[in-house]
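# Architecture and fold: a report
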Amino acid sequence: MLIALVCGIGVVLAHQSMPSIQKFGMSFWRTEIWDPVSGEFGALPFIWGTLYSSVLALLIATPIALGIAIFISELCPAVLRQPLVFVTELLAAIPSIVYGLWGIFVLVPAVRTVERALPDSLRRLPIFSGPPLGLGMLSAALILAIMVIPFISSISREVLKSVPPAQREGAYALGATRFEAIRAAVFYARTGIIGAVMLGFGRALGETMAVTMVIGNNPKVSLSLFAPQYTMAAVVANEFAEAAGELYLSALVEIGLVLFIITLIINSLSRLLIWSMARSETFTPEPVEAEAPA
Amino acid sequence: MTSTGRRKLLSSLFVAFCAGAVVVALIPLAFVLFFVISQGILSLNLAFFSHMPTPVGESGGGMMNSIVGTLILSGLAALMAVPIGVISGIYMSEYAGSRFAAAVRFAADTLNGVPSIVIGLFAYVVAVLPFKQFSALAGGFALGLMMIPIIARTTEELLLLVPGTMREGALALGATRARAVFSVVLPAALPGIVTGVVLALARIAGETAPLLFTAFNNAYFSTSLRQPISSLTVQVYTYATGPYEDWHRQAWAGALVLVSIVLICSLLARLATRRLERMHARS
């Protein structure tokens, strides 16, 4: 039943996006023009926006998430452990629409102030070009980072837990400092940690509401952190309900189909990494949902 | 500085960095909660729960239709997801060795990772397009799809916690495998499964993306399953992206309700699991 469902999603979406696949072929993914009025559809800006925002988010989130995982599993006093786990899981449980609302009214104005305060000499760099609107890539990346931190940290924590204590004890016995012992444990768990980061990447790619609300929704490829851009999930969320015409609809479904395939590949890969780690140890992988009860 | 000194310094810096990371992650959480509560409480009142939205320009009014809509949609999702999810979970834990069970588990994890907007697209094509009508049923279907893998994995985990001796005891008394599962193992895990369902419901009630073009939205009070229906999340989205002050206030109030649902459910679930753990520890 479940297996049929997953296959079914792929088949149904593929079927529905046929008109656009036939009309545009591969050029769909290379064209930069998205003009529903004249019937021209190119998805490059959305792919770019999705990848750029997710990569930025991961750059911000990975060190923080790993820091949290290490702090909770290796460093913190036992009294603090449970509350900290609970609080980081709460971060994952807050609905994405609430993050979006907060993003619009709190984060975006804050980002705008920072952008305005940036000295002119820096503003000449391409990554800071464009008017300081607040709405744009930077806000989206920040919000995404906040949202994926709990996923990466809770899975890394599980992975670190599966590292045999002998690894650390051995390191300490050789006279290692705390940092060096933890580095040994992290090195031992590297496959699983890479898997955790990739899982976070998959989440970031598919995140819809919060990003839609702060990224500015402008289908233009740009390197600038300040520029309003667009993601694949956001364009579907924004335009699908009012898309008129078969070609328009099927172009949007094709974007959804590709998003589905990308997340499928990334999730499977990361799951394989985490499992290969698990198989060598007596470690049961947790479900992705950070807040599932134990 | 000696090399030992450097190593010790590096180590302390690293510990400080990890502690700092926790603080950095807690700041946004504190900020989000602070704003949602302080802004939301200003416009949250009884009318919010018992009144319909007012026309633009008139202050006051509430979101009764959306609250009822969210309840109906979550109920529909649970009706669909609980049986399928629990049965898949049973299969995964009780027939854990088989290759097919591994495939089911993989499918559940994959479905869990599918972006919610894609689930919405799928539900649109399957449940909206053929009937040419946005409907509560389609929305419930989309939410149900998201709920299945969560419930399946929770059920599996909880069944695995049930001691193997109970299974063996039932089988030794001559029960069939199905009998052993349904009258011995499942009841033992039931409280935990119920907790899992509540948590899944809390998550599902906060979903927006799958509803945008399945349940759509409805400005009027509706309980009809074949009509578009309003939901708290979609309504908050509409209000938040709209241009009016009044709307923004309502959006914050809606967000406060959503966050409270999540908070209360997680706290309850936490208390329940703690009690369960203690029970298991005693037996």
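Residues numbered from 1 in each chain as written. Chains lettered and ligands numbered in written order. Predicted model: local features only at pLDDT ≥ 70, side-chain atom pairs only at ≥ 80, totals over all residues.

### Things to note about the overall build of chain A
Stated precisely, the cut-off is as follows: Helix and strand definitions here come from DSSP, where helices need a minimum of 4 consecutive H or I residues and strands a minimum of 2 consecutive E residues; each element is numbered from the N-terminal end. With C-beta atoms placed from the backbone, a residue is labelled by how many other C-beta atoms lie within 10 Å of its own: buried for 20 or more, exposed for 12 or fewer, partly exposed between the two. Residues are treated as contacting if the C-beta atoms built from their backbones sit within 7 Å of each other.
Helix and strand counts for chain A stand at 13 helices and two strands. By its C-alpha atoms, chain A is 70 × 55 × 30 Å across when sized along the principal axes. Residue burial in chain A is summarised as follows: out of 294 residues, 51% are buried. Within chain A, contacts between residues at least 6 apart in sequence are counted, and of these 76% link residues at least 24 apart.

### Here we look at the overall build of chain B
Across its full length, chain B holds 10 helices and zero strands. Scanning chain B from its N terminus toward the C terminus, one meets helices and strands in the order α-α-α-α-α-α-α-α-α-α. Dimensions along the principal axes, computed over C-alpha positions, put chain B at roughly 70 × 70 × 35 Å. The proportion of buried residues among the 283 residues of chain B is 48%. Across chain B, contacts joining residues at least 24 apart in sequence account for 73% of those joining residues at least 6 apart.

### Digging into unusual backbone geometry
All names here are of chain B. If you check the backbone angles, Lys 132 has positive phi at about 55° while not being a glycine. Within the fold, Lys 132 resides in the loop between helix H5 (116–128) and helix H6 (136–161). Of the residues examined, Lys 132 has 6 C-beta atoms within 10 Å and is grouped as exposed. Notably, Phe 216 is not glycine yet its phi reads approximately 55°, a positive angle. Overall, the presence of 21 C-beta atoms within 10 Å leaves Phe 216 in the buried class.

### What to know about the environment of Ala 81 of chain B
Residue and element names in this part refer to chain B. Of note, Ala 81 is situated in helix H3 (residues 64–94). Linking Ala 81 and Ala 16, residues 65 residues apart in sequence, is a C-alpha distance of 45 Å. Those residues in contact with Ala 81 that sit more than four places away from it in its chain are Gly 144, Met 147, Ile 148 and Ile 151.

### Remarks on the interface of chain A and chain B
The condition that has to hold: Amino acids are sorted into nonpolar (Ala, Val, Leu, Ile, Met, Phe, Trp, Tyr, Cys and Pro), charged (Asp, Glu, Lys and Arg) and polar (every other residue, Gly among them).
With 65 residues of chain A in contact, the opposing surface of chain B contributes 70 residues. Looking at the side of chain A that touches chain B residue by residue, the classes come out as 48 nonpolar, 13 polar and four charged.

### Digging into the nonpolar core
How we decide: For this analysis, nonpolar core means a set of buried Ala, Val, Leu, Ile, Met, Phe, Trp, Tyr and Cys residues linked through C-beta atoms within 7 Å.
Counting 180 residues, the largest nonpolar core has Val 98, Ile 143 and Val 214 of chain A together with Met 147 of chain B as its most contacted members. It is helix H7 (residues 137–161) of chain A that contributes the most residues to this core, 17 residues altogether. Here Met 147 of chain B is in contact with Ala 77, Ala 78, Ala 81, Gly 85, Ala 200 and Ile 204 of chain B, once residues within four sequence places are set aside.

### A word on the packing of helix H3 (residues 44–75) of chain A against helix H10 (residues 190–206) of chain A
Residue and element names in this part refer to chain A. Going by this rule: Whenever a helix is involved, its axis is fitted only over the stretch in contact; in every case the axis is a line through C-alpha atoms, and angles between N-to-C directions fall within 0 to 180 degrees. Here is the rule for angles: anything less than 35 degrees is roughly parallel, anything more than 145 is roughly antiparallel, 65 through 115 is roughly perpendicular, and the remaining ranges are oblique. Should the near helix be turned anticlockwise from the far one by less than a right angle, the crossing is left-handed, and should it be turned clockwise, the crossing is right-handed.
In contact at an axis separation of 9 Å, H3 and H10 are set at 135° when each is read in the N-to-C sense. Taken as axis vectors, H3 and H10 run oblique relative to one another. Crossing hand, H3 versus H10: right-handed. Between H3 and H10, the contacting residues are Thr 50, Ser 54, Ala 57, Leu 58, Ala 61 and Thr 62 on the first element and Val 197, Gly 200, Phe 201, Ala 204 and Leu 205 on the second.

### A few points about the packing of H3 of chain A against helix H1 (residues 3–43) of chain B
Packed helix pairs are specified by the crossing angle of their axes together with the interaxial distance, meaning the distance between the axes. At their nearest, the axes of H3 of chain A and H1 of chain B sit 8 Å apart, and the two run at 115° to each other. Considering their axes alone, H3 of chain A and H1 of chain B lie roughly perpendicular with respect to each other. Seen along the crossing, H3 of chain A lies across H1 of chain B with a hand that is left-handed. In this structure, H3 of chain A uses Ile 64, Gly 67, Ile 68, Ile 70, Phe 71 and Leu 75 of chain A to contact H1 of chain B, whose residues at the interface are Val 15, Phe 17, Cys 18, Ala 19, Ala 21, Val 22, Val 24 and Ala 25 of chain B. Classifying every residue of the contact of H3 of chain A with H1 of chain B by side-chain character gives 13 nonpolar, one polar and no charged.

### Here we look at the confidence of the model for chain A
For the record, the criterion: Confidence of the prediction at every residue is given by pLDDT, a number between 0 and 100.
Of the residues in chain A, 94% reach a pLDDT of 70 or more, and the chain-wide mean stands at 82. A low-confidence stretch, residues 282–294 of chain A stays under pLDDT 50, and its non-local contacts, those more than four residues away or across chains, total 40 contacts.

### Concerning the environment of Ser 222 of chain B
Residue and element names in this part refer to chain B. With respect to the helices, strands and loops of the structure, Ser 222 is situated in the loop between helix H8 (177–205) and helix H9 (232–241). Given 17 C-beta atoms within 10 Å, Ser 222 falls into the partly exposed group. Between the alpha carbons of Ser 222 and Gly 69 there is a distance of 7.7 Å; along the sequence they are 153 residues apart. Setting aside residues no more than four positions away along its own chain, Ser 222 makes contact with Asn 65, Gln 227 and Ile 229.

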